[in-house]
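Okay, here's what each chain looks like letter by letter:
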Amino acid sequence: MQTDIDPRNLIGRKAFDRKGSKIGTVDEVYLDDATGIPEWAAIRMGFFGRDAFVPLEPSELVEGTLRVPFERALIKDAPDFGVGRHLSPEQELQLYHHYGLDTAPPPPVDHDFGNIAGKDDA
């Protein structure tokens, strides 16, 4: 998804699944703790329905609507953590697994950064 979009502009937009069926309306947007980039949207499904979390990557904003590349049934069955609260890393991991998205750990930190090549540590 475009990362230059103000997450406040997503709230209230209609959301559609991969087949073009309406899922609901974006109720809240959750930012990544480390980067501040919008990572999840809570979609209000139906008038009295619950909110379902959908990943904003690989979703797209197309002609003012959020296009989510998953089936409505999968979205509806997403883990329910309630809205208005912070998503823990464990909850995010559950959501990534639910959607079958890559959850590879970040690359290892280079602890030798700054050492001169070919020099032994004394």
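What you see is a predicted model, and the numbers here were worked out from it, not measured in a lab. (Residues numbered from 1 in each chain as written. Predicted model: local features only at pLDDT ≥ 70, side-chain atom pairs only at ≥ 80, totals over all residues. Heavy atoms only, no water.)

Draft legend 1. Spatial organisation of the environment of His97. Within the secondary structure, His97 is located in helix 2 (residues 89-99). A residue is classified by how much of its surface remains accessible, and His97, at 53% relative accessible area, is exposed. Note: C-alpha distance between His97 and Ala78 (19 residues apart in sequence) is 9.9 Å. (Helix = DSSP H or I, 4+ residues; strand = E, 2+ residues; numbered from the N terminus. Buried < 20%, exposed > 50% of the residue type's maximum accessible area, 1.4 Å probe, protein only.)

Draft legend 2. Quick peek at unusual backbone geometry. Here Glu63, not a glycine, exhibits a phi torsion of approximately 50°, which is positive. Topologically, Glu63 is positioned in the loop between strand 5 (60-62) and strand 6 (65-67).

Draft legend 3. Structural context of the pairing of strand 3 (residues 38-44). Counting buried positions along strand 3 gives six out of seven residues, so the element sits mostly inside the fold. Relative to strand 3, strand 2 (residues 22-31) is paired through six bridges, and the arrangement is antiparallel. Counterpart to Val26 in the pairing with strand 3 is Ile43. Taking the residues between adjacent antiparallel strands as the criterion, strand 2 and strand 3 are bridged by six residues, where Gly36 takes a positive phi near 80°. Here five bridges tie strand 3 to strand 4 (residues 51-55), and the two strands are oriented antiparallel to one another. In the sheet register, Arg44 faces strand 4, and the bridge partner there is Asp51. Linking strand 3 back to strand 4 in an antiparallel pair, the connection comprises six residues, with Gly46 at a positive phi of about 85°. (Pairing = 2+ DSSP bridges.)

Draft legend 4. A look at the side chain of Glu92. Following the sequence through the fold, Glu92 ends up in helix 2. Arg85 provides the closest opposite charge to the buried, unpaired Glu92, separated from it by 14 Å. In contact with Glu92, other than residues within four places in its own chain, are Glu39, Trp40 and Leu87. (Lys, Arg positive; Asp, Glu negative; His and termini not counted. Salt bridge = Lys/Arg side-chain N within 4 Å of Asp/Glu carboxyl O. Contact = heavy atoms within 4.5 Å.)

Draft legend 5. Focus on helix 2. When we look at burial in helix 2, the residues that qualify are Gln91, Glu92, Leu95 and Tyr99. Within helix 2, the buried residues cover an arc of 100° as seen down the axis, which keeps them to one side. Every exposed residue of helix 2 that faces more than 90 degrees away from the buried side is listed here: Pro89, Glu90 and His97. Those residues of helix 2 that are buried are in contact with strand 3, strand 4 and helix 1 (72-76). Positive phi appears at Gly100, one or two residues downstream of helix 2, with a value of about 70°. (Arc of directions from axis to C-beta.)

Draft legend 6. Just the pattern of salt bridges, in detail. Taken as a whole and assessed by the stated rule, the structure comprises four salt bridges. Residues Glu71 and Arg18 are paired through a salt bridge, measuring 3.9 Å at the closest nitrogen-oxygen approach. Here Glu71 is found in the loop between strand 6 and helix 1, whereas its partner Arg18 is found in the loop between strand 1 (14-16) and strand 2, with 53 residues between them in sequence. Overall, Glu71 belongs to the partly exposed group, its relative accessible area being 31%. For Arg18, a relative accessible area of 56% corresponds to the exposed category. Across the pair Asp27 and Arg44 runs a salt bridge, and its minimum N-O distance is 3.5 Å. With Asp27 in strand 2 and Arg44 in strand 3, the pair connects residues that are 17 residues apart, well separated along the chain. Its relative accessible area of 28% is what places Asp27 among the partly exposed residues.

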